[in-house]
Amino acid sequence: MTILAWAIFLAAAVLEVGGNATLRKGLRGSQALFILAGFLMLGCYGLIVNMVKWDFSKLLGVYVTVFATVGVLTGRFVFHESIPPSTWLGLGLIIIGGCVIQFGA
């Protein structure tokens with residue numbers, strides 16, 4: 001996997017996680033501007049993630065690993081959530097699955 005693909009996946013994951021968080025804030029506070037911003041961020045995520053020219057199944061299979069990692073780390077360090085051991089274990093399994101998809105035959 002190239003550095004460019006990693007950068008695209010990371011940018012897409014940041015947009016997806018950020019878009020979801022922004023949309024959630026707007027929905028919980030009835031703030032239309034946050035809802036619109038989250039909506040736009042999620043649309044941009046969809047465009048960016050598809051810039052990697054892989055088969056769809058491999059693309060999303062590996063991207064889910066990046067998204068899950070960014071999502072858990074955002075919960076931990078941005079929202080200061082306490083992440084239970086079962087979530088860390090699940091994330092580890094997702095990472096292993098992403099490696100199988102990326103490096104498998």
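Scroll up for the structure.
Residues numbered from 1 in each chain as written. Predicted model: local features only at pLDDT ≥ 70, side-chain atom pairs only at ≥ 80, totals over all residues. Heavy atoms only, no water.

1. Digging into the nonpolar core
Then, number 1: Ranked by size, the top nonpolar core spans 14 residues in total, and within it Phe9, Val49, Val52 and Tyr63 carry the most contacts.
Then, number 2: Counting residues per element, the ones that place at least two in this core are helix 1 (3-29), helix 2 (32-49) and helix 3 (56-77).
Then, number 3: Here the element with the most residues in this core is helix 1; it accounts for 6 residues.
Then, number 4: Excluding residues that lie within four positions of it along the chain, tyrosine 63 makes contacts with Phe9, Ala12, Ala13, Glu16, Tyr45 and Val49. (Core = buried A, V, L, I, M, F, W, Y, C linked by side-chain atoms within 4.5 Å. Buried < 20%, exposed > 50% of the residue type's maximum accessible area, 1.4 Å probe, protein only. Helix = DSSP H or I, 4+ residues; strand = E, 2+ residues; numbered from the N terminus. Contact = heavy atoms within 4.5 Å.)

2. Focus on helix 1
Then, number 1: End to end, helix 1 covers 38 Å across 27 residues, agreeing with the expected 39 Å (1.5 Å per residue, within 8%).
Then, number 2: Of all the residues in helix 1, the buried ones are Ala5, Ile8, Phe9, Ala12, Ala13, Glu16, Val17, Gly18, Gly19, Thr22 and Gly26.
Then, number 3: Next to the buried residues of helix 1 lie helix 2 and helix 3.
Then, number 4: Just downstream of helix 1 lies serine 30, where phi reads positive at about 50°. (Expected span 1.5 Å × (residues − 1).)

3. Side note on the packing of aromatic side chains
Then, number 1: Here the structure, examined in full by the defined rule, presents 4 aromatic pairs.
Then, number 2: Between phenylalanine 9 and tryptophan 54 the ring centres are 5.5 Å apart and the planes differ by 80°, which places this aromatic pair in the edge-to-face class. Placement of the pair is phenylalanine 9 in helix 1 and tryptophan 54 in the loop between helix 2 and helix 3, with a sequence separation of 45 residues.
Then, number 3: We classify phenylalanine 9 as buried; its relative accessible area is 0%.
Then, number 4: Relative accessible area serves as the criterion here: at 24%, tryptophan 54 is assigned to the partly exposed category.
Then, number 5: Through a chain of ring-to-ring contacts, three or more aromatic side chains come together here, namely Phe9, Tyr45, Trp54, Tyr63 and Phe67.
Then, number 6: For lysine 25, the ring lying beneath its charged end belongs to phenylalanine 34, and the centroid distance is 5.2 Å. (Phe/Tyr/Trp six-rings, centres within 6.5 Å; stacked < 30°, edge-to-face > 60°. Lys NZ or Arg CZ within 6 Å of the ring centre and 35° of its normal.)

4. Details of the packing of helix 1 against helix 2
Then, number 1: Between helix 1 and helix 2, the least distance of the axes is 7 Å, while the angle of their chain directions is 160°. As the angle between them shows, helix 1 and helix 2 are arranged roughly antiparallel. Relative to helix 2, helix 1 is oriented so that their crossing is left-handed.
Then, number 2: Tallied by class, residues from the contact of helix 1 with helix 2 come to 17 nonpolar, 6 polar and 2 charged. (Axes fitted to C-alpha atoms, helices over the stretch in contact; angles between N-to-C directions. Parallel < 35°, antiparallel > 145°, perpendicular 65-115°, else oblique. Left-handed = near helix turned anticlockwise from the far one by under 90°. Nonpolar A, V, L, I, M, F, W, Y, C, P; charged D, E, K, R; others polar.)

5. A short note on helix 4 (residues 85-103)
Then, number 1: The terminal C-alpha atoms of helix 4, which comprises 19 residues, lie 27 Å apart, in line with the 27 Å expected from a rise of 1.5 Å per residue.
Then, number 2: Along helix 4, the residues that are buried comprise Leu91, Gly98 and Gln102. The buried residues of helix 4 occupy an angular sector of 30° when the element is viewed end-on, so they sit on one face. Within helix 4, the exposed residues directed more than 90 degrees away from the buried face are Pro85, Ser86, Leu89, Leu93, Ile96 and Val100. (Arc of directions from axis to C-beta.)

6. Observations regarding a nonpolar patch on the surface
Then, number 1: On the surface, Leu33, Leu36, Phe39 and Leu40 cluster together into a nonpolar patch covering about 470 Å² of accessible area.
Then, number 2: Since its relative accessible area comes to 60%, phenylalanine 39 is described here as exposed. (Patch = residues over 30% accessible without salt bridge, like charges linked within 9 Å, V, L, I, M, F, W, Y side chains within 5 Å. Areas by Shrake-Rupley, 256 points an atom, 1.4 Å probe, with all protein chains shown as cover. Salt bridge = Lys/Arg side-chain N within 4 Å of Asp/Glu carboxyl O.)

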